[in-house]
Amino acid sequence: MSVTPENLAHRLAGLDTNDVPPARSHSPSAPASPTSATARRGSVLDNGTNIGSALGRKSSTGGSKPSISMTNTDGERRGSSGSGRVSRRGSNIVMTPGGAQAVYHHRTNDDIELPHAEKKTIADHLRKYESLLTLTPQRMRMIVHSFEETLDLGLQKDGQIVPMIPTFVFGWPTGKEIGEYLALDLGGTNLRVCLVTLQGHGKFEVTQTKYRLTEEQKQDEGQKLLDFCAECLDSFIRDTLGRTEADGILPLGFTFSYPCSQDRIDHGVLIRWTKGFGAPNIEGRDVAAMFMESLKKYAVPAELTALINDTTGTLVASNYVDPHTKIAVIFGTGCNAAYMETAGSIPKMSSIGLPKEQGMAINCEWGAFDSFDHQHLPRTKYDIIIDESSNKPGEQSFEKMIAGLYLGEIFRLIICELIDAGDLFLGQNTYKLEKAYAFDTAFFDVTDELLTVIGVFTHFFGVETTLEERQFFRKLAVLIGTRSARLSACGIAAIVSKKGYLDEGCAVGADGSLYNKYPNFANRVHTALVDIFGEKGKNIVTHHAEDGSGVGSAIIAAMTKARKDAGFFVEY
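Residues numbered from 1 in each chain as written. Predicted model: local features only at pLDDT ≥ 70, side-chain atom pairs only at ≥ 80, totals over all residues. Heavy atoms only, no water.

1. Digging into the confidence of the model for the protein
Part 1 of the argument: In the predicted model, the protein carries a mean pLDDT of 82, and 78% of its residues have values of at least 70.
Part 2 of the argument: Here residues 104-110 scores under 50 on pLDDT; set against residues more than four positions off or in separate chains, the count is 24 contacts.
Part 3 of the argument: Contacts for the low-pLDDT stretch residues 112-118, under 50 throughout, to residues beyond four places or in other chains number 8 contacts. (pLDDT = per-residue confidence, 0-100. Contact = heavy atoms within 4.5 Å.)

2. Quick notes on the sheet that holds strand β15 (residues 359-363)
Part 1 of the argument: Strand order in the open sheet made by the 6 strands is β5-β15-β14-β13-β16-β17, with mixed pairing throughout. Lying at the two open borders of the sheet, with one neighbouring strand each, are β5 (165-166) and β17 (540-544).
Part 2 of the argument: Relative to strand β14 (residues 335-342), strand β13 (residues 325-331) runs antiparallel, the two sharing 5 bridges. Among the inter-strand pairings, isoleucine 330 is bridged to a residue of β14, identified as asparagine 336.
Part 3 of the argument: Contacts from helix α14 (residues 467-499) reach β13, β14, β16 (506-511) and β17 within the one sheet, and its direction differs from that of β14 by about 5°.
Part 4 of the argument: Contacts between helix α16 (residues 521-533) and the sheet are confined to β13 and β17, with β17 contributing the most and set at about 165° to the helix. (Pairing = 2+ DSSP bridges. Helix = DSSP H or I, 4+ residues; strand = E, 2+ residues; numbered from the N terminus. Axes fitted to C-alpha atoms, helices over the stretch in contact; angles between N-to-C directions.)

3. A closer look at the sheet that holds strand β12 (residues 302-308)
Part 1 of the argument: Sheet architecture is open: 5 strands sit in the order β8-β7-β6-β9-β12, paired in mixed fashion. Each of the sheet's edge strands pairs with one partner strand only, and the pair in question is β8 (203-212) and β12. Between one strand axis and the next, the sheet turns through 25° on average, direction left out of account.
Part 2 of the argument: As judged from the 4 bridges shared by strand β6 (residues 178-186) and strand β9 (residues 250-255), these two strands associate in the parallel manner. Bridge pairing in β9 links alanine 183 to glycine 253.
Part 3 of the argument: On the sheet, helix α7 (residues 222-240) packs against β6, β7 (190-200), β8, β9 and β12 and is oriented at approximately 125° with respect to β8.

4. Brief notes about helix α8 (residues 287-297)
Part 1 of the argument: Those residues of α8 not exposed but buried are Val287, Ala288, Met290, Phe291, Ser294 and Leu295. Along the axis of α8, the buried residues cluster in a sector spanning 160°; they form a single face. Away from its buried face, by an angle of more than 90 degrees, α8 presents the exposed residues Lys296 and Lys297.
Part 2 of the argument: Buried residues along α8 sit in contact with β6, α7, β9, β11 (269-270) and β12.
Part 3 of the argument: Two or three places before alanine 288, at the start of α8, stands the capping residue aspartate 286, its side-chain oxygen 3.0 Å from that residue's backbone nitrogen.
Part 4 of the argument: Positive backbone phi, at 50°, marks alanine 299, one or two positions downstream of α8. (Buried < 20%, exposed > 50% of the residue type's maximum accessible area, 1.4 Å probe, protein only. Arc of directions from axis to C-beta. Polar contact = N/O pair within 3.5 Å; in protein donor to acceptor, adjacent residues only side chain to side chain.)

5. As for the state of the cysteines
A covalent bond between the sulfur atoms of two cysteines is what we call a disulfide.
Part 1 of the argument: Applying the stated criterion to the full structure yields 0 disulfides.
Part 2 of the argument: Cysteine 229 takes part in no disulfide bond, and the closest cysteine sulfur, belonging to cysteine 232, lies 6.8 Å away. (Disulfide = S-S within 2.5 Å.)

6. Describing α7
Part 1 of the argument: Taking 1.5 Å per residue as the helical rise, α7 with its 19 residues ought to reach 27 Å, and the 26 Å between its terminal C-alpha atoms agrees with that figure.
Part 2 of the argument: Those residues of α7 that sit buried are Gly222, Leu225, Leu226, Asp227, Phe228, Cys229, Ala230, Cys232, Leu233, Asp234, Phe236 and Ile237.
Part 3 of the argument: Here α7 starts with a cap whose side-chain oxygen sits 2.9 Å from the backbone nitrogen of glutamine 223, and that cap is glutamate 221.
Part 4 of the argument: Positive backbone phi, at 70°, marks glycine 242, one or two positions downstream of α7. (Expected span 1.5 Å × (residues − 1).)

7. Some points on the packing of helix α10 (residues 381-388) against helix α12 (residues 404-420)
Packed helices, taken two at a time, are described by the angle between their axes plus the distance between the axes.
Part 1 of the argument: Between α10 and α12, whose axes approach to 10 Å, the crossing angle comes to 115°. Every pair of crossing elements has a handedness; the one defined by α10 and α12 is right-handed. Every residue of α12 that contacts α10 at Lys381, Tyr382, Asp383, Ile385 and Ile386 is listed here: Tyr406, Glu409, Ile410, Leu413, Ile414 and Glu417.
Part 2 of the argument: Looking at the contact of α10 with α12 residue by residue, the class counts come to 7 nonpolar, no polar and 4 charged. (Left-handed = near helix turned anticlockwise from the far one by under 90°. Nonpolar A, V, L, I, M, F, W, Y, C, P; charged D, E, K, R; others polar.)

Below, the structure written as structure tokens:
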């Protein structure tokens with residue numbers, strides 16, 4: 001049959017276009033006919049096709065018609081018209097309208113089961129995330145070394161990534177602090193007012209009242225916010241405690257846990273608001289001086305003695321109860337640490353003229369470790385997504401990998417990746433899971449119970465889960481939480497190494513929702529410390545910290561009053 005454009009198109013119709021090599025022009029020496037002797041000897045065309053293969057082979061019955069070839073999955077060849085072996089694919093050569101030869105192939109082994117790529121199992125995915133999220137002891141030791149260098153740099157000069165802020169809390173409490181002190185804690189949700197009665201020997205009593213902050217107050221004019229704090233304090237003193245001016249003026253410790261630069265204990269210039277606050281006309285101003293104006297305005301019988309950070313308060317309160325406590329850490333929505341340094345190791349404070357062995361509490365603000373350059377922490381693509389979509393890209397790198405605000409989002413991003421790949425929740429509506437920060441880290445509190453996992457996904461996200469998926473979610477939550485705990489241990493280990501606490505050992509006062517509520521978080525921190533230091537790591541033990549923003553604030557007020565009454569660096 002002659003070949004025309006029409007019957008060529010008909011013969012090629014329905015073929016896999018990937019099987020049809022492009023037509024090419026050939027030199028005059030190319031075989032003019034598929035039945036030439038050269039073709040029968042198996043010559044190769046310019047396009048690399050063996051013409052002998054294209055023609056097929058004669059069947060054992062001696063027929064001259066080329067056989068249709070089929071190849072089974074084991075590579076055994078068989079002919080459709082006999083037992084002779086044939087090519088892997090049925091092939092033929094045709095002439096194009098332009099006179100060039102083209103080879104086309106047609107598969108005829110539809111009845112043969114071919115191997116295919118198998119879909120990844122949940123176990124395969126788990127191995128992948130184990131590789132991404134697991135920190136080896138060697139990697140942790142490298143992080144500790146870099147962390148320690150960063151802490152030293154922050155003590156040498158101002159303006160460093162980890163600022164290492166001197167708090168003007170001079171040394172440890174004696175444990176003999178006694179008396180009544182007020183404490184005011186401006187938190188992200190509530191304003192807490194306390195009367196702390198220090199009884200010495202690590203004992204105390206607390207009377208407190210909380211006042212709810214509205215979103216309007218958080219955004220209202222800055223002086224109005226501080227006026228509200230003064231009014232609540234006055235109400236607490238007069239109505240709750242039943243005190244008047246005749247009963248005397250009480251010293252007050254004000255816990256103001258927002259970034260401030262301090263030149264003395266009763267001074268603090270607000271650098272920027274965090275935790276959802278946005279009150280204008282207060283950033284860049286001395287919060288302590290503004291609050292003193294509010295106290296005077298409402299004739300509150302209290303005297304502001306100290307403006308402190310909650311982490312510093314936690315350090316002092318924990319040491320007051322247990323003098324073996326040398327470090328305090330907060331692992332909650334954010335993260336931070338404080339410890340006691342000697343003045344001689346703080347070059348940027350040398351102008352003050354403190355004795356070299358004088359203790360000075362340092363508020364590390366270590367959540368900023370490895371910000372901007374990102375040279376030390378093993379960030380995954382999920383960490384990078386969280387960072388780049390945050391309101392402060394590049395900043396707070398350490399905090400974004402370990403703090404409670406972000407762990408649920410890491411979990412959600414991984415789940416969404418598996419949904420997009422078609423490995424989870426097929427045929428289900430997953431739009432609730434696709435909202436950023438929809439998966440609260442608080443859900444991790446219950447992942448040990450598979451039945452509760454069902455409730456979380458069904459109630460909050462409207463999706464059904466299989467047993468295998470629930471087991472995967474539990475293991476994934478453990479991986480994310482364990483990485484957080486091991487990175488947290490790196491920060492603790494850096495301070496331990498810097499201060500030489502390893503041999504003698506020390507206690508670490510720890511607070512925050514992540515430490516207190518996340519299953520096995522403390523145990524994983526302890527395991528990581530052993531991985532970093534070996535058996536000596538068991539000398540470093542974390543424990544639940546005392547109330548830093550209440551009791552710690554009151555103790556610091558007592559220490560400050562005693563120091564100034566004794567004439568020791570009264571200007572600070």
